[in-house]
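# Reading the structure
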Amino acid sequence: MYRVALLAVVSASLALGACSLNTAGISSGYNDLGSMSSVDAVGGSRQATTTGSIDRSSRSSLAGTQVAALAPDKAPKGSYEKAPRGALSDRDYSATALNPERARDLINQYRHENGLKPLKLNAALTDAAKEHSRDLSKWDRISHYGSDGSNPWDRVKRTGYKPRLAAENVGTGQVSFAEVLKGWKESPGHNKNLLLGDASEMGLALVQDPKTEFKSFWTLVIGTAM
């Protein structure tokens, strides 16, 4: 019942169907604001994918555009999931914690194994990740839309970060970072985010709330500044 979700390479251009830069799509395009994409079972977890890619030529014409403009606390219909009551009540979260440096090292070890440069922790991307994890915890759901209708691109820009590339993976219900990372690796879309060759920085957050059904809310934001 624990779940993982991603948003791959959101950008101002809103190109359809790419799960990473200029690749064939897994599911619906990111600017399909009416719904998230289909949800698929993978290795005991589930992930919802929404996507987009960078197009330098169109960025200037869309500069400052707010992609998501929804009423407060209203995510698009079908764009989030909630856990059934008691679904994770038998899991022990007493030792659940996040060590950002250790998490970064695990991600970078995986990137190194695949011939990619390491990511650096970035305070602004961490703030964007924290904002989303807090919001998911507040409403006890998994989604790439915030309760205010924001998407990951919006949240990254709010921090003052000027993204050339931004990607988001989300997980709920995992007991440890090792568990959520394993789920991301096993999911093709999430894995592409972890292995984005043009990425240079990352932010990561965990929010826990034992009163919720999902219990733990993990957000990874990967980016490269302009």
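Details of the structure are given in the entry above.
In this convention, every chain numbers its residues from 1, walking through the sequence in written order. For a predicted model such as this one, the threshold for reporting local features is a pLDDT of at least 70, and the threshold for listing and counting side-chain atom pairs is 80 or more; totals across whole chains, interfaces and linings nevertheless cover every residue. No hydrogens and no water enter the side-chain calculation; it runs on all heavy atoms of the structure.

## With respect to the packing of helix 2 (residues 100–113) against helix 5 (residues 177–186)
Inclusion rule: Convention adopted: a line fitted to C-alpha atoms gives each axis, helices being fitted over their contacting stretch, and angles between N-to-C directions are expressed from 0 to 180 degrees. Helix and strand assignments follow DSSP, with helices taken as H or I runs no shorter than four residues and strands as E runs no shorter than two, numbered in order from the N terminus. Here the word oblique covers every angle except those under 35 degrees (roughly parallel), over 145 (roughly antiparallel) and from 65 to 115 (roughly perpendicular). By definition, any crossing whose near helix is turned counterclockwise from its far helix by less than a right angle is left-handed, and any crossing with a clockwise turn is right-handed. Contacts were defined at the residue level, with two residues in contact if any of their heavy atoms lie within 4.5 Å.
In contact at an axis separation of 11 Å, helix 2 and helix 5 are set at 30° when each is read in the N-to-C sense. As far as their axial angle goes, helix 5 and helix 2 are roughly parallel. Handedness of the crossing formed by helix 2 with helix 5: right-handed. Contacts from Ala103, Leu106, Ile107 and Tyr110 in helix 2 reach Phe177, Leu181 and Lys185 in helix 5.

## With respect to the pairing of strand 9 (residues 216–225)
Note the threshold: Only protein chains enter the accessibility calculation, which uses a 1.4 Å probe; a residue is then buried when its area is under 20% of its type maximum, exposed when over 50%, and partly exposed in between. In this analysis, strands are considered paired if DSSP registers two or more bridges between them.
Counting buried positions along strand 9 gives 9 out of 10 residues, so the element sits mostly inside the fold. In this sheet, strand 9 lies alongside strand 7 (residues 163–172) in antiparallel orientation, the contact comprising 9 bridges. When the bridges of strand 9 are listed, Thr172 appears paired with Phe217.

## Let's talk about the side chain of Asp135
Turning to its location among the elements, Asp135 is positioned in helix 3 (residues 123–139). With sequence-adjacent residues up to four places away left out, Asp135 is seen in contact with Gly146 and Ser147.

## Regarding the nonpolar core
Stated formally: Throughout this description, the term nonpolar core refers to a set of buried Ala, Val, Leu, Ile, Met, Phe, Trp, Tyr and Cys residues connected via side-chain atoms within 4.5 Å.
Among the nonpolar cores identified, the biggest contains 20 residues, and Ile107, Phe177, Leu181, Trp184, Met202, Leu220 and Ile222 are the most heavily contacted of them. Elements that contribute at least two residues to this core include exactly helix 2, strand 7, helix 5, strand 8 (201–208) and strand 9. Filtering out sequence-adjacent residues up to four positions away, Ile222 remains in contact with Leu119, Leu125, Leu165, Ala166, Ala167, Asn193, Leu194, Ala199, Glu201 and Met202. Within the second largest apolar cluster, 10 residues are counted, among which are Ala124, Ala128, Val156 and Ala205.

## Quick notes on the packing of aromatic side chains
Our working rule: Pairing of aromatic side chains requires ring centres within 6.5 Å, counting the rings of Phe and Tyr and the six-membered ring of Trp. Pairs whose planes differ by under 30 degrees are stacked, by over 60 edge-to-face, and all others tilted.
Enumeration over the complete set of coordinates arrives at 3 aromatic pairs. Note on Phe214 and Phe217: the rings are 6.2 Å apart at their centroids and 85° apart in plane angle, and the pair reads as edge-to-face. Members of the aromatic cluster, each reached through a chain of ring pairs, are Phe177, Trp184 and Trp218.

## A look at the pattern of salt bridges
Defined as follows: Salt bridges are defined by distance alone: a side-chain nitrogen of Lys or Arg within 4 Å of a carboxyl oxygen of Asp or Glu.
For the structure shown, the criterion picks out 7 salt bridges. A salt bridge links Arg158 to Asp148; the shortest N-O distance between them is 2.5 Å. Of this pair, Arg158 sits in helix 4 (residues 152–158) while Asp148 sits in the loop between strand 6 (142–143) and helix 4; the two residues are 10 residues apart in sequence, bridging distant segments of the chain. What makes Arg158 partly exposed here is its relative accessible area of 43%. Using a relative accessible area of 31% as the deciding quantity, one classes Asp148 as partly exposed. Close ionic contact of Lys211 with Asp209 constitutes a salt bridge, the shortest N to O distance being 3.2 Å. The network of salt bridges with common partners includes Glu131, Asp148 and Arg158.

## Comments concerning the environment of Leu204
Looking at where Leu204 falls in the secondary structure, it is placed in strand 8. C-alpha separation for the pair Leu204 and Ala123, spaced 81 residues apart in sequence, amounts to 9.4 Å. Discounting chain neighbours no more than four positions away, the residues touching Leu204 are Leu98, Ala103, Thr126, Ala129, Phe177, Thr219 and Leu220.

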